[in-house]
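Residue-level listing of the chains:
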Amino acid sequence: MTSLPRILLRKARTLAAQPAFVWLWLAPTWLLLGLSRATILVVPFRRLAPRIGVLTGVEPWIPLISEAQRVRAVQIARTVNTAARYTPWESNCFPQAVTARILLGLYRIPYALYFGLAKGPGHAETKAHAWVAAGPVRVTGGLSFPRFTVVGCFVAPPLARSWRPLGSGGAS
């Protein structure tokens, strides 16, 4: 068995190896995860949805981002993932997605927040999941597209201004 001091030393080394961005944002992200969780529990989804982004239907989007935005999105992903492991409350996919959306919005990085459903083993239960992508970066939620059917996609408001549904005189 591994001793507690050894575990703490290993965790301290891992934290020390993180970039400055993670150090700077770790505590605020931890708090944002708590606020996101509390908001999800208290505020009805119909009131929360407009704050998440603009609903574009069920078509999955992958927003294009610059190299600098890609690097920042990776840092945000690392920060949210790290902070979520140390919350005493449940920081599942939805609070992580909301927190990632807030941080991406602060840095004006285009994002898409997805909600998906999948049938469980034996089709007895349905699993729900939320995840965020920014360009090629899976900010939260891991490899979700192959496992979940997208039932809703929210995008950053600047992306939505350029969006037109198919058949309305322009490409989406």
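Note that this is a predicted model, so its numbers are computed, not measured. (Residues numbered from 1 in each chain as written. Predicted model: local features only at pLDDT ≥ 70, side-chain atom pairs only at ≥ 80, totals over all residues. Heavy atoms only, no water.)

In this section: the overall build of the chain. Within the chain, the regular secondary structure consists of six helices and five strands. Reading the secondary structure of the chain in the N-to-C direction produces α-α-α-β-α-α-β-β-β-β-α. Scored against the burial criterion, the 172 residues of the chain give a buried share of 41%. Expressed as a percentage of contacts within the chain between residues at least 6 apart in sequence, the contacts between residues at least 24 apart total 73%. (Helix = DSSP H or I, 4+ residues; strand = E, 2+ residues; numbered from the N terminus. Buried < 20%, exposed > 50% of the residue type's maximum accessible area, 1.4 Å probe, protein only. Contact = heavy atoms within 4.5 Å.)

Turning next to the side chain of Thr87. Within the element layout of this structure, Thr87 appears in the loop between helix H4 (67-85) and helix H5 (93-106). Its relative accessible area of 12% is what places Thr87 among the buried residues. A distance of 3.3 Å separates the side chain of Thr87 from the backbone oxygen of Ala84, its partner in a polar contact. Side-chain polar atoms of Thr87 contact the side chain of Ser91, separated by 2.8 Å. Those residues within four positions of Thr87 in sequence are excluded, and the remaining contacts are Trp30 and Leu33. (Polar contact = N/O pair within 3.5 Å; in protein donor to acceptor, adjacent residues only side chain to side chain.)

Further remarks concern the pattern of salt bridges. Between side chains of opposite charge, a pair can form as their charged atoms come close. Across all of its chains, the model carries two salt bridges by this definition. Between Arg37 and Glu90 there is a salt bridge whose closest N-O contact spans 3.6 Å. Pair noted here: Arg37 is in helix H2 (residues 20-42) and Glu90 is in the loop between H4 and H5, with a separation of 53 residues, a long-range link. Note that Glu67 is salt-bridged to Arg70, the shortest N-O span being 2.7 Å. In this pair, Glu67 and Arg70 both sit in helix H4, three residues apart, roughly one turn of the helix. (Salt bridge = Lys/Arg side-chain N within 4 Å of Asp/Glu carboxyl O.)

If you walk across this open sheet you meet the five strands as E1-E5-E2-E3-E4, and the pairing is antiparallel. The open sheet has two edge strands, strand E1 (54-55) and strand E4 (137-140), and neither has a second partner. Relative to strand E3 (residues 126-134), strand E2 (residues 112-119) runs antiparallel, the two being bridged by eight bridges. In the sheet register, Gly116 faces E3, and the bridge partner there is His129. (Pairing = 2+ DSSP bridges.)

Among the structural elements, Ser66 can be located in the loop between E1 and H4. Ser66 sits in the partly exposed class, given a relative accessible area of 36%. Sequence-wise, Ser66 and Pro110 are 44 residues apart; in three dimensions their C-alpha atoms are separated by 9.8 Å.

So yeah, pure geometry; function would need other evidence.
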